[in-house]
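Observations on the three-dimensional arrangement
Residues per chain, in single letters:
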Amino acid sequence: MILQRKSDVFFCSLLIGVLLLCLMFVDAAVGQRLDRQRIQERRAIVRALALTDLCLTTEARYTRHPSMADLHTPFQDHPLSLDHFPSGAFMAPPPHLQLQAGGE
Amino acid sequence: MGAIEKQRHILDFTLSSLGRRKGKNIALIIVYTFVIFLIASVLFLADSLKKEAAQILQDAPEMTVQRLAAGRQDLIPLDYIESIKAIKGVQSVEPRLWGYYYDAFSGANYTLMVNADLNDHPGAILIGAGVTRRSEPGKPPQSLRKNDRIPFKTYEGEVLTLQVKGGLPAASELVTADLILLSEPDFRKLFAFPHDRATDLVLTVKNTKELATIATKITRIHPDSRPILRNDILRTYDAVFDWRGGVILMILSGVFLAFIILAWDKATGLSAEEKREIGILKAIGWETADILLMKFWEGSAVSLTSFFLGIFLAYLHVFLASSLLFEPVLKGWSVLYPHFRLTPHIHSYQIAVLFFLTVIPYTVVTIVPSWRSATIDPDAVMRM
(Lines give C-alpha, C1' and ligand atoms only; values in the text may rest on other atoms or scores of the structure.)
Protein backbone atom coordinates (compact mmCIF):
# COMPACT_ATOMS: atom_id res chain seq x y z
CA MET A 1 0.00 0.00 0.00
CA ILE A 2 1.54 3.34 -1.09
CA LEU A 3 -0.52 5.74 1.03
CA GLN A 4 0.24 4.15 4.40
CA ARG A 5 0.73 7.37 6.31
CA LYS A 6 -1.52 10.36 6.73
CA SER A 7 1.24 12.64 5.46
CA ASP A 8 1.25 10.61 2.21
CA VAL A 9 -2.47 11.28 1.80
CA PHE A 10 -1.89 14.98 2.52
CA PHE A 11 0.91 15.34 -0.03
CA CYS A 12 -1.14 13.40 -2.60
CA SER A 13 -4.12 15.73 -2.10
CA LEU A 14 -1.76 18.73 -2.43
CA LEU A 15 -0.50 17.25 -5.69
CA ILE A 16 -4.08 16.79 -6.89
CA GLY A 17 -4.76 20.45 -5.98
CA VAL A 18 -1.74 21.64 -7.98
CA LEU A 19 -2.78 19.41 -10.90
CA LEU A 20 -6.31 20.86 -10.81
CA LEU A 21 -4.80 24.35 -10.86
CA CYS A 22 -2.70 23.42 -13.90
CA LEU A 23 -5.78 21.89 -15.54
CA MET A 24 -7.61 25.21 -15.05
CA PHE A 25 -4.82 27.01 -16.93
CA VAL A 26 -4.90 24.39 -19.71
CA ASP A 27 -8.71 24.57 -19.91
CA ALA A 28 -8.56 28.39 -20.08
CA ALA A 29 -6.01 28.25 -22.89
CA VAL A 30 -8.06 25.68 -24.83
CA GLY A 31 -11.27 27.67 -24.19
CA GLN A 32 -9.66 30.86 -25.51
CA ARG A 33 -8.59 29.07 -28.69
CA LEU A 34 -12.03 27.50 -29.21
CA ASP A 35 -13.81 30.81 -28.55
CA ARG A 36 -11.87 32.78 -31.16
CA GLN A 37 -14.64 32.24 -33.70
CA ARG A 38 -17.30 33.39 -31.21
CA ILE A 39 -15.29 36.52 -30.37
CA GLN A 40 -14.91 37.27 -34.08
CA GLU A 41 -18.70 36.96 -34.52
CA ARG A 42 -19.29 39.36 -31.64
CA ARG A 43 -16.74 41.81 -33.03
CA ALA A 44 -18.40 41.64 -36.44
CA ILE A 45 -21.79 42.50 -34.90
CA VAL A 46 -20.28 45.38 -32.92
CA ARG A 47 -18.64 46.72 -36.10
CA ALA A 48 -21.72 46.27 -38.30
CA LEU A 49 -24.17 47.85 -35.86
CA ALA A 50 -21.76 50.45 -34.40
CA LEU A 51 -22.40 49.21 -30.85
CA THR A 52 -20.63 50.80 -27.93
CA ASP A 53 -21.46 48.71 -24.85
CA LEU A 54 -21.95 45.24 -23.43
CA CYS A 55 -25.51 44.26 -22.54
CA LEU A 56 -24.88 43.21 -18.93
CA THR A 57 -27.87 44.80 -17.30
CA THR A 58 -30.94 46.44 -18.81
CA GLU A 59 -32.49 48.10 -15.77
CA ALA A 60 -31.04 51.62 -16.13
CA ARG A 61 -29.72 53.46 -19.15
CA TYR A 62 -26.47 54.46 -17.45
CA THR A 63 -25.67 50.81 -16.65
CA ARG A 64 -26.93 49.49 -19.99
CA HIS A 65 -24.67 51.93 -21.86
CA PRO A 66 -22.16 53.11 -19.23
CA SER A 67 -19.76 54.56 -21.81
CA MET A 68 -22.53 56.77 -23.24
CA ALA A 69 -23.80 58.01 -19.87
CA ASP A 70 -23.41 61.59 -18.72
CA LEU A 71 -22.58 62.75 -15.21
CA HIS A 72 -26.19 63.39 -14.30
CA THR A 73 -27.85 60.14 -15.39
CA PRO A 74 -27.91 58.55 -11.94
CA PHE A 75 -29.97 61.56 -10.81
CA GLN A 76 -32.39 60.86 -13.59
CA ASP A 77 -35.44 62.87 -12.76
CA HIS A 78 -34.55 65.56 -10.27
CA PRO A 79 -31.47 66.59 -8.26
CA LEU A 80 -32.35 64.46 -5.21
CA SER A 81 -33.41 61.43 -7.23
CA LEU A 82 -30.40 59.40 -6.08
CA ASP A 83 -29.16 56.29 -7.80
CA HIS A 84 -31.57 53.54 -6.81
CA PHE A 85 -30.77 50.79 -9.33
CA PRO A 86 -28.91 47.80 -7.84
CA SER A 87 -26.48 47.62 -10.78
CA GLY A 88 -25.41 51.21 -10.06
CA ALA A 89 -23.93 49.93 -6.79
CA PHE A 90 -21.26 47.72 -8.33
CA MET A 91 -20.45 49.61 -11.51
CA ALA A 92 -17.95 52.41 -11.13
CA PRO A 93 -18.46 55.58 -13.20
CA PRO A 94 -16.52 55.71 -16.49
CA PRO A 95 -13.06 57.32 -16.15
CA HIS A 96 -13.71 59.88 -18.92
CA LEU A 97 -16.63 61.27 -16.86
CA GLN A 98 -14.48 61.46 -13.74
CA LEU A 99 -11.79 63.28 -15.70
CA GLN A 100 -14.33 65.77 -16.99
CA ALA A 101 -15.74 66.33 -13.54
CA GLY A 102 -12.30 66.83 -12.03
CA GLY A 103 -10.62 68.62 -14.88
CA GLU A 104 -13.17 71.14 -16.03
CA MET B 1 16.02 10.91 12.23
CA GLY B 2 16.36 13.09 9.12
CA ALA B 3 14.80 16.53 8.91
CA ILE B 4 12.25 15.40 6.32
CA GLU B 5 11.28 12.34 8.33
CA LYS B 6 10.84 14.56 11.42
CA GLN B 7 8.53 16.89 9.49
CA ARG B 8 6.51 13.93 8.22
CA HIS B 9 6.10 12.54 11.74
CA ILE B 10 4.90 15.95 12.98
CA LEU B 11 2.55 16.18 9.99
CA ASP B 12 1.19 12.67 10.67
CA PHE B 13 0.53 13.66 14.25
CA THR B 14 -1.06 17.00 13.22
CA LEU B 15 -3.43 15.31 10.79
CA SER B 16 -4.47 12.76 13.45
CA SER B 17 -5.00 15.65 15.86
CA LEU B 18 -7.17 17.48 13.28
CA GLY B 19 -9.11 14.23 12.77
CA ARG B 20 -9.95 14.10 16.46
CA ARG B 21 -11.79 17.43 16.10
CA LYS B 22 -13.35 16.45 12.80
CA GLY B 23 -16.65 18.37 13.07
CA LYS B 24 -15.02 21.67 14.05
CA ASN B 25 -12.33 21.47 11.39
CA ILE B 26 -14.69 20.45 8.58
CA ALA B 27 -16.95 23.41 9.48
CA LEU B 28 -13.88 25.68 9.38
CA ILE B 29 -12.78 24.33 5.99
CA ILE B 30 -16.31 24.83 4.57
CA VAL B 31 -16.42 28.49 5.72
CA TYR B 32 -12.85 29.13 4.57
CA THR B 33 -13.50 27.49 1.17
CA PHE B 34 -16.60 29.64 0.75
CA VAL B 35 -14.66 32.86 1.47
CA ILE B 36 -11.97 31.93 -1.08
CA PHE B 37 -14.66 30.82 -3.53
CA LEU B 38 -16.35 34.24 -3.26
CA ILE B 39 -13.16 36.27 -3.67
CA ALA B 40 -11.92 34.06 -6.52
CA SER B 41 -15.31 34.20 -8.29
CA VAL B 42 -15.28 38.02 -8.17
CA LEU B 43 -11.69 38.11 -9.45
CA PHE B 44 -12.35 35.63 -12.27
CA LEU B 45 -15.65 37.24 -13.31
CA ALA B 46 -14.33 40.82 -13.26
CA ASP B 47 -11.19 39.92 -15.16
CA SER B 48 -12.99 37.83 -17.80
CA LEU B 49 -15.60 40.55 -18.36
CA LYS B 50 -12.83 43.10 -18.79
CA LYS B 51 -10.95 40.89 -21.24
CA GLU B 52 -14.15 40.06 -23.16
CA ALA B 53 -15.09 43.76 -23.36
CA ALA B 54 -11.58 44.69 -24.51
CA GLN B 55 -11.70 42.08 -27.28
CA ILE B 56 -15.25 42.71 -28.49
CA LEU B 57 -15.28 46.50 -28.26
CA GLN B 58 -12.07 46.84 -30.26
CA ASP B 59 -14.41 47.35 -33.19
CA ALA B 60 -16.66 49.91 -31.48
CA PRO B 61 -16.96 53.28 -33.28
CA GLU B 62 -13.70 55.25 -33.29
CA MET B 63 -15.54 58.30 -32.02
CA THR B 64 -19.12 58.97 -30.95
CA VAL B 65 -20.34 62.56 -30.77
CA GLN B 66 -23.22 63.40 -28.45
CA ARG B 67 -24.94 66.69 -27.84
CA LEU B 68 -25.55 67.83 -24.29
CA ALA B 69 -28.41 70.07 -23.20
CA ALA B 70 -28.48 71.25 -19.58
CA GLY B 71 -25.90 68.59 -18.70
CA ARG B 72 -27.89 65.72 -20.16
CA GLN B 73 -27.59 63.93 -23.46
CA ASP B 74 -29.89 65.41 -26.09
CA LEU B 75 -30.70 64.73 -29.74
CA ILE B 76 -28.05 66.00 -32.11
CA PRO B 77 -28.99 68.13 -35.18
CA LEU B 78 -28.14 66.43 -38.49
CA ASP B 79 -26.60 69.68 -39.80
CA TYR B 80 -23.66 69.06 -37.41
CA ILE B 81 -22.62 66.32 -39.87
CA GLU B 82 -21.45 68.77 -42.56
CA SER B 83 -19.39 70.92 -40.22
CA ILE B 84 -17.73 67.84 -38.65
CA LYS B 85 -17.07 66.28 -42.06
CA ALA B 86 -15.24 69.47 -43.04
CA ILE B 87 -12.63 68.90 -40.31
CA LYS B 88 -9.39 67.67 -41.82
CA GLY B 89 -8.79 63.97 -41.12
CA VAL B 90 -12.45 62.98 -40.71
CA GLN B 91 -13.28 60.14 -43.09
CA SER B 92 -17.01 59.63 -42.48
CA VAL B 93 -19.77 60.82 -40.18
CA GLU B 94 -22.88 58.69 -39.80
CA PRO B 95 -25.92 59.43 -37.65
CA ARG B 96 -27.04 56.76 -35.21
CA LEU B 97 -30.69 56.48 -34.30
CA TRP B 98 -31.27 54.52 -31.15
CA GLY B 99 -33.26 54.74 -27.95
CA TYR B 100 -34.96 52.81 -25.18
CA TYR B 101 -38.44 51.38 -25.16
CA TYR B 102 -40.25 50.15 -22.07
CA ASP B 103 -42.47 47.20 -22.95
CA ALA B 104 -45.47 47.37 -20.61
CA PHE B 105 -46.49 43.79 -21.50
CA SER B 106 -43.30 42.15 -20.24
CA GLY B 107 -41.94 44.98 -18.08
CA ALA B 108 -38.66 44.80 -20.00
CA ASN B 109 -36.53 47.63 -21.40
CA TYR B 110 -35.39 47.21 -24.98
CA THR B 111 -32.72 49.07 -26.92
CA LEU B 112 -34.18 50.02 -30.30
CA MET B 113 -31.76 50.84 -33.06
CA VAL B 114 -32.11 51.74 -36.71
CA ASN B 115 -30.44 49.42 -39.16
CA ALA B 116 -30.06 50.77 -42.69
CA ASP B 117 -30.57 47.29 -44.18
CA LEU B 118 -34.16 47.32 -42.89
CA ASN B 119 -35.06 50.70 -44.43
CA ASP B 120 -36.46 48.88 -47.46
CA HIS B 121 -38.55 46.62 -45.24
CA PRO B 122 -40.74 48.86 -43.10
CA GLY B 123 -42.60 46.96 -40.41
CA ALA B 124 -39.85 44.36 -40.08
CA ILE B 125 -37.61 43.91 -37.05
CA LEU B 126 -34.63 41.78 -36.08
CA ILE B 127 -34.48 40.87 -32.42
CA GLY B 128 -31.78 39.90 -29.92
CA ALA B 129 -31.87 36.54 -28.14
CA GLY B 130 -33.11 38.15 -24.91
CA VAL B 131 -36.12 39.71 -26.66
CA THR B 132 -37.17 36.31 -28.05
CA ARG B 133 -37.80 35.30 -24.42
CA ARG B 134 -40.37 38.10 -24.04
CA SER B 135 -43.17 37.01 -21.72
CA GLU B 136 -45.76 38.37 -19.33
CA PRO B 137 -44.36 38.70 -15.76
CA GLY B 138 -44.93 35.54 -13.73
CA LYS B 139 -45.70 33.44 -16.79
CA PRO B 140 -43.32 30.99 -18.50
CA PRO B 141 -41.46 32.58 -21.44
CA GLN B 142 -42.93 31.90 -24.86
CA SER B 143 -40.25 32.04 -27.47
CA LEU B 144 -40.91 34.60 -30.20
CA ARG B 145 -40.55 33.12 -33.69
CA LYS B 146 -40.14 34.47 -37.19
CA ASN B 147 -43.26 36.29 -38.44
CA ASP B 148 -44.60 36.81 -34.88
CA ARG B 149 -45.90 40.33 -34.33
CA ILE B 150 -45.07 42.66 -31.44
CA PRO B 151 -47.29 45.70 -30.74
CA PHE B 152 -45.51 48.93 -29.76
CA LYS B 153 -47.22 52.02 -28.39
CA THR B 154 -45.98 55.10 -30.25
CA TYR B 155 -45.26 58.41 -28.51
CA GLU B 156 -48.38 59.76 -30.19
CA GLY B 157 -50.53 57.09 -28.57
CA GLU B 158 -51.06 54.88 -31.59
CA VAL B 159 -50.23 51.19 -31.85
CA LEU B 160 -47.43 50.22 -34.22
CA THR B 161 -47.23 46.49 -34.90
CA LEU B 162 -43.87 45.22 -36.08
CA GLN B 163 -43.15 41.77 -37.44
CA VAL B 164 -40.17 39.65 -36.42
CA LYS B 165 -38.14 38.88 -39.52
CA GLY B 166 -35.36 37.09 -37.76
CA GLY B 167 -33.08 36.96 -34.75
CA LEU B 168 -29.57 38.21 -34.08
CA PRO B 169 -26.97 35.45 -33.57
CA ALA B 170 -27.20 33.84 -30.13
CA ALA B 171 -23.39 34.01 -29.87
CA SER B 172 -23.67 37.81 -29.78
CA GLU B 173 -26.08 37.86 -26.82
CA LEU B 174 -23.53 39.64 -24.63
CA VAL B 175 -23.94 42.73 -26.85
CA THR B 176 -27.35 42.24 -28.44
CA ALA B 177 -29.63 40.56 -25.86
CA ASP B 178 -32.05 43.50 -25.59
CA LEU B 179 -31.58 44.85 -29.11
CA ILE B 180 -34.37 45.39 -31.62
CA LEU B 181 -33.28 46.52 -35.08
CA LEU B 182 -35.85 48.37 -37.13
CA SER B 183 -36.20 50.68 -40.11
CA GLU B 184 -35.70 54.45 -39.86
CA PRO B 185 -39.35 55.32 -40.75
CA ASP B 186 -40.62 52.93 -38.03
CA PHE B 187 -38.15 54.35 -35.49
CA ARG B 188 -39.14 57.97 -36.24
CA LYS B 189 -42.83 57.06 -36.12
CA LEU B 190 -42.54 55.13 -32.85
CA PHE B 191 -40.72 57.87 -30.93
CA ALA B 192 -42.19 60.85 -32.86
CA PHE B 193 -38.52 61.53 -33.55
CA PRO B 194 -37.76 64.85 -35.32
CA HIS B 195 -36.57 64.35 -38.91
CA ASP B 196 -33.64 66.73 -38.53
CA ARG B 197 -32.19 65.01 -35.46
CA ALA B 198 -30.25 61.83 -34.60
CA THR B 199 -29.37 60.25 -31.25
CA ASP B 200 -25.65 60.70 -31.84
CA LEU B 201 -23.03 60.65 -34.60
CA VAL B 202 -20.33 58.06 -35.22
CA LEU B 203 -17.08 59.04 -36.89
CA THR B 204 -14.27 57.26 -38.65
CA VAL B 205 -10.99 59.06 -39.09
CA LYS B 206 -8.10 58.61 -41.50
CA ASN B 207 -5.44 58.41 -38.79
CA THR B 208 -6.43 57.22 -35.31
CA LYS B 209 -3.51 59.20 -33.82
CA GLU B 210 -5.45 62.35 -34.70
CA LEU B 211 -8.57 61.35 -32.73
CA ALA B 212 -7.83 63.61 -29.77
CA THR B 213 -7.09 66.61 -32.02
CA ILE B 214 -10.29 66.04 -34.01
CA ALA B 215 -12.28 65.72 -30.75
CA THR B 216 -10.87 69.09 -29.60
CA LYS B 217 -11.80 70.70 -32.93
CA ILE B 218 -15.35 69.32 -32.69
CA THR B 219 -15.86 70.76 -29.21
CA ARG B 220 -14.48 74.09 -30.46
CA ILE B 221 -16.94 74.20 -33.38
CA HIS B 222 -19.84 72.80 -31.34
CA PRO B 223 -19.31 73.64 -27.65
CA ASP B 224 -22.49 71.73 -26.74
CA SER B 225 -21.09 68.46 -28.10
CA ARG B 226 -19.26 65.68 -26.26
CA PRO B 227 -16.98 63.36 -28.22
CA ILE B 228 -16.43 59.88 -26.74
CA LEU B 229 -13.39 58.06 -28.11
CA ARG B 230 -13.09 54.31 -28.52
CA ASN B 231 -10.34 54.35 -25.90
CA ASP B 232 -12.81 55.96 -23.46
CA ILE B 233 -15.21 53.05 -24.09
CA LEU B 234 -12.45 50.50 -23.53
CA ARG B 235 -11.27 52.28 -20.38
CA THR B 236 -14.86 52.37 -19.10
CA TYR B 237 -15.01 48.58 -19.02
CA ASP B 238 -11.57 48.39 -17.50
CA ALA B 239 -12.69 50.64 -14.65
CA VAL B 240 -16.29 49.51 -14.23
CA PHE B 241 -15.26 45.99 -13.21
CA ASP B 242 -12.12 46.86 -11.38
CA TRP B 243 -12.37 44.65 -8.29
CA ARG B 244 -9.83 46.77 -6.42
CA GLY B 245 -12.25 49.66 -6.16
CA GLY B 246 -15.86 50.03 -5.25
CA VAL B 247 -18.47 48.16 -3.37
CA ILE B 248 -17.35 44.65 -4.33
CA LEU B 249 -14.01 44.94 -2.58
CA MET B 250 -15.63 46.59 0.42
CA ILE B 251 -18.09 43.70 0.82
CA LEU B 252 -15.41 41.08 0.25
CA SER B 253 -12.95 42.70 2.63
CA GLY B 254 -15.72 42.70 5.26
CA VAL B 255 -16.27 38.98 4.73
CA PHE B 256 -12.54 38.32 4.87
CA LEU B 257 -12.01 40.39 8.01
CA ALA B 258 -14.86 38.50 9.70
CA PHE B 259 -13.11 35.28 8.75
CA ILE B 260 -9.75 36.48 10.12
CA ILE B 261 -11.46 37.37 13.40
CA LEU B 262 -12.97 33.87 13.50
CA ALA B 263 -9.56 32.31 12.83
CA TRP B 264 -7.90 34.53 15.46
CA ASP B 265 -10.57 33.66 17.98
CA LYS B 266 -10.14 29.97 17.25
CA ALA B 267 -6.40 30.16 17.64
CA THR B 268 -6.34 32.29 20.79
CA GLY B 269 -9.17 30.57 22.56
CA LEU B 270 -7.61 27.10 22.52
CA SER B 271 -9.98 24.56 24.01
CA ALA B 272 -9.08 22.75 27.26
CA GLU B 273 -8.52 19.61 25.21
CA GLU B 274 -6.05 21.37 22.90
CA LYS B 275 -4.21 22.91 25.84
CA ARG B 276 -3.96 19.51 27.54
CA GLU B 277 -2.61 18.09 24.28
CA ILE B 278 0.10 20.76 24.18
CA GLY B 279 0.91 20.09 27.86
CA ILE B 280 1.29 16.35 27.29
CA LEU B 281 3.43 16.90 24.22
CA LYS B 282 5.76 19.19 26.15
CA ALA B 283 5.84 16.75 29.08
CA ILE B 284 6.99 13.91 26.80
CA GLY B 285 9.78 16.01 25.37
CA TRP B 286 8.42 18.16 22.52
CA GLU B 287 10.15 21.48 22.13
CA THR B 288 8.25 24.76 21.75
CA ALA B 289 9.56 24.87 18.18
CA ASP B 290 8.00 21.44 17.48
CA ILE B 291 4.63 22.63 18.74
CA LEU B 292 4.83 25.74 16.56
CA LEU B 293 5.76 23.49 13.67
CA MET B 294 2.68 21.38 14.41
CA LYS B 295 0.53 24.53 14.39
CA PHE B 296 2.15 25.61 11.13
CA TRP B 297 1.24 22.31 9.52
CA GLU B 298 -2.26 22.54 10.97
CA GLY B 299 -2.76 26.00 9.44
CA SER B 300 -1.22 24.91 6.15
CA ALA B 301 -3.39 21.80 5.91
CA VAL B 302 -6.61 23.75 6.53
CA SER B 303 -5.73 26.76 4.36
CA LEU B 304 -4.24 24.88 1.40
CA THR B 305 -7.19 22.45 1.28
CA SER B 306 -9.62 25.40 1.34
CA PHE B 307 -7.51 27.35 -1.17
CA PHE B 308 -7.47 24.63 -3.83
CA LEU B 309 -11.14 23.73 -3.25
CA GLY B 310 -12.25 27.40 -3.29
CA ILE B 311 -10.37 28.26 -6.48
CA PHE B 312 -11.54 25.15 -8.31
CA LEU B 313 -15.19 25.72 -7.32
CA ALA B 314 -14.93 29.40 -8.33
CA TYR B 315 -13.61 28.40 -11.76
CA LEU B 316 -16.53 25.98 -12.24
CA HIS B 317 -18.97 28.64 -10.97
CA VAL B 318 -17.82 31.45 -13.26
CA PHE B 319 -16.94 29.59 -16.45
CA LEU B 320 -19.25 26.58 -16.40
CA ALA B 321 -22.25 27.75 -14.38
CA SER B 322 -22.19 31.33 -15.84
CA SER B 323 -21.78 32.96 -12.37
CA LEU B 324 -25.12 31.62 -11.16
CA LEU B 325 -24.75 33.05 -7.65
CA PHE B 326 -23.98 36.57 -8.91
CA GLU B 327 -26.90 36.61 -11.33
CA PRO B 328 -29.33 38.28 -8.87
CA VAL B 329 -26.76 41.05 -8.25
CA LEU B 330 -25.98 41.62 -11.93
CA LYS B 331 -29.64 41.29 -12.87
CA GLY B 332 -30.89 43.82 -10.34
CA TRP B 333 -34.30 44.93 -11.55
CA SER B 334 -33.63 43.98 -15.15
CA VAL B 335 -36.38 41.89 -16.69
CA LEU B 336 -34.25 41.03 -19.69
CA TYR B 337 -31.00 39.40 -18.78
CA PRO B 338 -28.44 38.07 -21.24
CA HIS B 339 -27.46 34.41 -21.03
CA PHE B 340 -23.81 34.32 -21.87
CA ARG B 341 -20.81 32.13 -21.30
CA LEU B 342 -17.51 33.85 -20.74
CA THR B 343 -14.23 32.76 -22.25
CA PRO B 344 -12.07 31.56 -19.34
CA HIS B 345 -9.24 33.93 -18.49
CA ILE B 346 -7.03 33.26 -15.49
CA HIS B 347 -3.44 34.19 -14.88
CA SER B 348 -0.80 33.51 -12.29
CA TYR B 349 -1.09 37.05 -10.86
CA GLN B 350 -4.68 36.36 -9.76
CA ILE B 351 -3.70 33.06 -8.14
CA ALA B 352 -0.77 34.73 -6.36
CA VAL B 353 -3.04 37.56 -5.09
CA LEU B 354 -5.53 35.00 -3.78
CA PHE B 355 -2.77 32.97 -2.14
CA PHE B 356 -1.30 35.99 -0.34
CA LEU B 357 -4.74 37.30 0.63
CA THR B 358 -5.97 34.01 2.08
CA VAL B 359 -3.41 31.29 2.88
CA ILE B 360 -0.63 33.45 4.32
CA PRO B 361 -2.81 35.52 6.74
CA TYR B 362 -4.57 32.41 8.06
CA THR B 363 -1.34 30.51 8.63
CA VAL B 364 0.23 33.48 10.44
CA VAL B 365 -2.89 34.08 12.48
CA THR B 366 -2.84 30.44 13.62
CA ILE B 367 0.85 30.28 14.56
CA VAL B 368 1.37 33.56 16.42
CA PRO B 369 -1.19 33.09 19.24
CA SER B 370 -0.25 29.41 19.59
CA TRP B 371 3.22 30.46 20.58
CA ARG B 372 1.76 31.73 23.86
CA SER B 373 0.15 28.40 24.68
CA ALA B 374 3.27 26.53 23.62
CA THR B 375 5.40 28.35 26.17
CA ILE B 376 3.16 27.55 29.18
CA ASP B 377 4.50 25.21 31.85
CA PRO B 378 3.19 21.69 31.00
CA ASP B 379 2.46 20.87 34.63
CA ALA B 380 0.20 23.95 34.92
CA VAL B 381 -1.61 23.10 31.68
CA MET B 382 -2.32 19.49 32.67
CA ARG B 383 -3.68 20.54 36.08
CA MET B 384 -6.25 22.87 34.42
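Please refer to the structure placed before this passage.
I will try to describe carefully the structure that is included in this document. (Residues numbered from 1 in each chain as written. Chains lettered and ligands numbered in written order. Predicted model: local features only at pLDDT ≥ 70, side-chain atom pairs only at ≥ 80, totals over all residues. Heavy atoms only, no water.)

1. Focus: the pairing of strand β7 (residues 124-127) of chain B
All names here are of chain B. Alignment of β7 against strand β9 (residues 159-167), held across 4 bridges, turns out to be parallel. The partner of I127 across the bridge, within β9, is G167. In this structure, β7 lies alongside strand β10 (residues 179-182), joined through 2 bridges in antiparallel fashion. Residue pairing across strands places L126 opposite L181, the latter belonging to β10. (Pairing = 2+ DSSP bridges. Helix = DSSP H or I, 4+ residues; strand = E, 2+ residues; numbered from the N terminus.)

2. Some thoughts on helix α8 (residues 230-240) of chain B
Of the positions making up α8 of chain B, those classed as buried are D232, I233, T236, Y237 and V240 of chain B. On an axial view of α8 of chain B, the arc spanned by its buried residues comes to 135°, and they lie on one face. (Buried < 20%, exposed > 50% of the residue type's maximum accessible area, 1.4 Å probe, protein only. Arc of directions from axis to C-beta.)

3. Remarks on the packing of aromatic side chains
Within this structure, the stated rule accounts for 18 aromatic pairs over all chains. Seen from their ring centres, Y155 of chain B and F191 of chain B are 5.3 Å apart, and the 80° between their planes marks the pair as edge-to-face. On the criterion of sequence distance, the pair formed by Y155 of chain B in the loop between β8 (149-153) and β9 and F191 of chain B in helix α6 (residues 184-191) is long-range, its members being 36 residues apart. Of the residues examined, Y155 of chain B reaches a relative accessible area of 57% and is grouped as exposed. Judged by centre distance (5.7 Å) and plane angle (85°), the rings of F355 of chain B and F356 of chain B are edge-to-face. Among the residues examined, F355 of chain B registers a relative accessible area of 27% and is labelled partly exposed. Three or more aromatic residues joined by ring pairs make a cluster, and in this case those are F10 and F11 of chain A together with F296 and W297 of chain B. When the ring centre of F13 of chain B is taken as origin, the NZ or CZ atom of R20 of chain B, which lies over that ring, is 5.7 Å away. (Phe/Tyr/Trp six-rings, centres within 6.5 Å; stacked < 30°, edge-to-face > 60°. Lys NZ or Arg CZ within 6 Å of the ring centre and 35° of its normal.)

That is the geometry; function is a separate question.
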